[in-house]
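Okay, here's what each chain looks like letter by letter:
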Amino acid sequence: MASYRVRVALGLKGLSAREIPLDVLAGDQFMTRAAQVLEARLARDGEPGSFCHGDEVTLADICLASLFTLGKAGGFVLRDAPTIERILERCEAIEAFQRALPEAPAAG
């Protein structure tokens, strides 16, 4: 089943998670498409500032960092998204983001 966040996003577009094959909602396919859409939006809106919407952290930055930080932890490699990479670097430099990073699994 799709996550709450994905179901809300689809609902805002008038779609249902039931209408979309599950494999499209998971894995590299989803992450790659999310990166393409977000990068295009950020590029279309012009220079967004230090973060997604200006020079202060907003919920958009927290969501963006959450998605791609967890994606990277799961092995996703972000490509061709210079605006997203720049925003992620700025977020990752902030102590609150650093403290919230998921812990790496212990070596067994």
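Residues numbered from 1 in each chain as written. Predicted model: local features only at pLDDT ≥ 70, side-chain atom pairs only at ≥ 80, totals over all residues. Heavy atoms only, no water.

(A) The arrangement of the nonpolar core in detail. With 18 residues, the main nonpolar core has L64, F68, L78, I84 and L88 as its most contacted residues. At the level of elements, helix 2 (27-44), helix 3 (59-73) and helix 4 (82-92) are the ones that each hand at least two residues to this core. Other than its neighbours up to four places away in sequence, I84 contacts A35, L38, E39, L42, L64, F68 and L78. (Core = buried A, V, L, I, M, F, W, Y, C linked by side-chain atoms within 4.5 Å. Buried < 20%, exposed > 50% of the residue type's maximum accessible area, 1.4 Å probe, protein only. Helix = DSSP H or I, 4+ residues; strand = E, 2+ residues; numbered from the N terminus. Contact = heavy atoms within 4.5 Å.)

(B) Here's a closer look at the pattern of salt bridges. Tallied over the full model, the rule gives two salt bridges. Its salt-bridge partner being E92, residue K72 comes within 3.1 Å of it at the nearest N-O pair. Of this pair, K72 sits in helix 3 while E92 is found in helix 4, placing the two residues 20 residues apart along the sequence. Across the salt bridge formed by E95 and R99, the nearest N and O atoms sit 3.0 Å from each other. Of this pair, E95 and R99 both sit in helix 5 (residues 95-99), four residues apart, which is roughly one turn of the helix. Pair check on accessibility: E95 and R99 agree, each one exposed. (Salt bridge = Lys/Arg side-chain N within 4 Å of Asp/Glu carboxyl O.)

(C) Spatial organisation of a nonpolar patch on the surface. A surface patch of nonpolar side chains, about 270 Å² in accessible area, is lined by V57, L59 and I62. Note that I62 resides in helix 3. I62 gets classed as partly exposed once you look at its relative accessible area, which sits at 43%. (Patch = residues over 30% accessible without salt bridge, like charges linked within 9 Å, V, L, I, M, F, W, Y side chains within 5 Å. Areas by Shrake-Rupley, 256 points an atom, 1.4 Å probe, with all protein chains shown as cover.)

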